[in-house]
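Next come the chains, spelled out residue by residue.
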Amino acid sequence: MKVQESVFIQKKKPLLVKLLDRLLECYPYVSILAMDSKTRDFMVSKRNMRVGENVRGTSRGFVARVSDGKYYTEYSFNQVSEEILDKICNRIKELVESSNCVLPEGLKQQEYQVPLEETMTFTGSTEYELDPEEMGDDAILAHLNNIKEKGLAVSDQILDCQVACSYQKYTKLFLSKEKTMEQSVMWMSGALFFSAARGEEIKDYYMPYSTLGGAEMLAKMELDVRTCAEVTLELLKSAPMIPGEYDCVCTPDVTGMIVHEAFGHGVEMDMFVKKRALAEEYIGEYVASKLVTMHDGASAASEVATYFFDDEGTMAHDTIVIEEGILKQGISDLQSALVLQTQPTGNGRRESFRRKAYTRMTNTFFEGGSDTVEEMIASIDYGFLLENPRSGMEDPKNWGIQCMVNIAREIRDGKLTGKVFSPIVLTGYVPDLLKSISMMSKEVVLCGSGMCGKGYKEWVKVSDGGPYIKAKIRLG
Amino acid sequence: MIEQIKDVLGSLGIELYCIVESVQESIECFFIRKKLDLKRGTDLTDYSVTVFCPFEKDGQKMLGSSVLNLHPGMEVEELKEVLQKAYEAAALVCNPYYELNKGTKEEAVLADSTFAGKSLEENTKQMVAALYEADVFEDTFINSAEIFATHTVRHIVNACAVDVSYETYQVSGEYVVQCTTPQDVETYHTFSYRDANVQTLRKEVEEAITITRERAKAQNPPKAGDYTILLSGKHINTLLRYYVERSKTGMVYQKFSNYEIDALVQGQEIQKDALTMYLKAKEPYSAEGIPMKDRLLLQDGTLKTLHGGIRFASYLGVEPTGEYSSIEVMAGSQTVEELKASPYLYIASFSDFQMDEFSGYFGGEIRLAFLYDGKSVTPVTGGSINGSILEAQKHMTFSKELYCCEQYEGPYMVRIENVAVAGLQE
């Protein structure tokens, strides 16, 4: 089934076309992005329950971008009607004309070319098997409650089993002089979150799920309940990590975090424009083991960050960022491409119509290799299997790594010993880690249960992943 | 639109609700070096509505709720449809019954801010000037900056006669400082002010420039091992968030925290400074319309307040306080000079310092630290720290000197013993 387009967007389209035409009388470049997005969250736990819209993910509004031939200005608004079209045009005019008013002496405005556009008309929708709205809140909650009860029944030591899911259904309309583009997309994601107490310390384990689609995802969640509970109980016996550099095998979710945080942010080309990314100097150079081929793109995989065009009207790409260890190119929004005189790669994304567009990742992953997980573990004299990523922070300027992982399973003489350590901080220098990759499994897994920020804000949905990898990593 | 929403709620027979209207205008500027890359303006009106459904299940009184966003210009039929759907969802949410916040219509609270009375453009220009005033060096400069000037008017009404409103002004943002010699490095900084604190912002940028210069000199990680560490400023706020999170009524009710009033939550083995800490009210009302005031959270390491909204407070039988984002901590027992008198690793900058309020573990990658071995101070970079507040709280010594930012007022520095550092192997 295809996702239906928003009735609201359809109703407002003629008015937005009129606004576009009015603005085009004054400015050489105008685009309008209209968004209607509904995100619904569900959560059940032992002593709490929640159903409702996600405040950040549910929004309806518009952003106009204009260029007066030299400078760019944007205006975000969420009311439009025939009666206030003049007011909107006047507000945009005020903003354009008062740009200099915010500048103290010594600061100037950056001049930009007007983007050259190809004529484009596009309409597209993603597909789903089971519409969560049709399934209904009651059926979704019943499903989550059932999982929760199974989770709590595993052991009295389980403090709580929180089961959550969200879905977003959105329609975007992009209008400019040459483009009329519409897309409707739905994704669903979820998580099992188990906790258990060790004195005052609460240990927890998290299993993520996601799909480009609908409520068909829910069936996957109940399969992992026992495993998830058992790993949480294992964590009660965990020891603090002994700092050092070790041979490690990373599960696909940890691989995904390394791909995303350690390298992905560094090839966002708005960072090239600011001279904030070391990667710019390494195009055409070896930055990783020859085993590594890395992709990013809204059309590179079918996951939660899949779309047909970005928030600047550029069609989705599958960008090969690293090919057999060589850094080939970055990913780019439209404005950065204008400065760098490159082609945009369909990575101009906004948190919502309220926010600026930046270069953002989409579905980011390493291709698979030819090894088995068993072979990878067997090849290690002493090291760790790293599982359950928690968070990471980018460092595009200096390629430092900070990734937090929940579990390191000890490997001795090629076998898992059963001993676990937690929590773990991964650090090091990105090329050192990527060049140390010596084995990769065949299977590639992507997941997009969380959101990605730029610094500490601008949250967008992304997926990341890859195969199991073997690498040398500093753990603390 | 509030009256229209109330009318529709009435027509649907929905008796319990809370409506939050937020009207926000902003000016946003994005700079690369000393050039304005993009200017943005926003005019946004939002309605967040929570509908409540009382019902009984297995003989127990319940109150389910569901939140939804309503959009300006929504037609009555659509309002009816989405509010009815939310009400039906609320009827599925089996949470024990509680009473909504009761109140009266209050006078609007105007912002007591030096930003008030000026245009957002003027406020932006003033703070941009402060931001760039210290940017006068060839080798160390502001690489890029984002600045957001906002004026927000929030209006909260509920079914139990709460009708309050207030306005806020804020200028917030982030900036990256780059130093090109002897190596090309950068540091990342954020700021947020409710008054035109131009001198504070200028001073923060000066400090950021100094820190970035030191970062450019740092070459190697420290050796792996256990260290006495020093943390300062915003990192102390992150560290102490553990106590703020653990004392939330939601954490206690759900058994993620065992905190009780008058319990010595800093532990029984405090060997150094005992914490006295206040929750600071930065806005006059919570999202539920609860009047906010400063509250004593910890007195000498002992818990004095459990804090949170109506629902969990009701379950625990404590006073609802609303949600807090800022703390004030009383000064410590030693001067910064005394804290630095014996060997230490002072971590001035992390890539992302984190505290896990569940486990109590804190850690992060070291962007810049100063290693004092008893003889000399060496800047180092790389490696990470990994510690537990449950151990650290026994021997934390805070400075007498104070530091202030939007979310934290308190000691500038803390000294913590025996923290594991991952770094160079021997």
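Parameters at a glance
- Residues numbered from 1 in each chain as written.
- Chains lettered and ligands numbered in written order.
- Predicted model: local features only at pLDDT ≥ 70, side-chain atom pairs only at ≥ 80, totals over all residues.
- Heavy atoms only, no water.
- Pairing = 2+ DSSP bridges.
- Helix = DSSP H or I, 4+ residues; strand = E, 2+ residues; numbered from the N terminus.
- Contact = heavy atoms within 4.5 Å.
- Axes fitted to C-alpha atoms, helices over the stretch in contact; angles between N-to-C directions.
- pLDDT = per-residue confidence, 0-100.
- Salt bridge = Lys/Arg side-chain N within 4 Å of Asp/Glu carboxyl O.
- Buried < 20%, exposed > 50% of the residue type's maximum accessible area, 1.4 Å probe, protein only.

1. Focus on the sheet that holds strand 19 (residues 408–411) of chain B
Residue and element names in this part refer to chain B.
- Taken together, 6 strands build an open sheet; the order of strands is 10-9-8-11-19-18 and the sheet is mixed. The sheet terminates laterally at strand 10 (302–303) and strand 18 (402–405), the two strands that pair on one side only.
- Running over the sheet, helix 5 (residues 234–246) touches strand 8 (277–280), strand 9 (295–299), strand 11 (326–329), strand 18 and strand 19 and is turned about 100° from strand 11.

2. Looking at the confidence of the model for chain B
- Of the residues in chain B, 100% have a pLDDT of 70 or more, and the chain-wide mean is 96.
- What the predictor reports for the complex is a pTM of 0.95 with an ipTM of 0.94.

3. Thoughts on the sheet that holds strand 12 (residues 319–323) of chain A
Residues and elements named next belong to chain A.
- Spatial ordering of the open sheet is given by 13-12-11-16-25-22, a layout of 6 strands whose pairing is mixed. Looking at the sheet topology across the chains shown, the edges are occupied by strand 13 (326–327) and strand 22 (445–447).
- When strand 11 (residues 294–296) meets strand 16 (residues 363–366), the two strands line up antiparallel, connected through 3 bridges. Across the sheet, Asp 296 pairs through a bridge with Thr 364, a residue of strand 16.
- Sitting on the sheet, helix 7 (residues 252–264) is in contact with strand 11, strand 12, strand 13, strand 16, strand 22 and strand 25 (463–466), with an inclination near 115° to strand 25.

4. A look at the pattern of salt bridges
- Counted according to the given criterion, the structure contains 63 salt bridges over all chains.
- For Lys248(B), the salt bridge identified is with Glu245(B), shortest N-O distance 3.2 Å.
- By relative accessible area, which is 28% here, Lys248(B) ends up partly exposed.
- Classification of Glu245(B) by relative accessible area gives buried; the value is 18%.
- The shortest N-O distance in the salt bridge between Arg295(B) and Glu319(B) comes to 3.1 Å. Of this pair, Arg295(B) sits in strand 9 while Glu319(B) is found in the loop between helix 7 (310–316) and strand 11, placing the two residues 24 residues apart along the sequence.
- Residue classification places Glu319(B) among the partly exposed residues on the basis of a relative accessible area of 48%.
- In this structure, a network of salt bridges that share partners links the residues Arg65(A), Glu74(A), Glu312(A), Arg350(A), Glu28(B) and Arg40(B).

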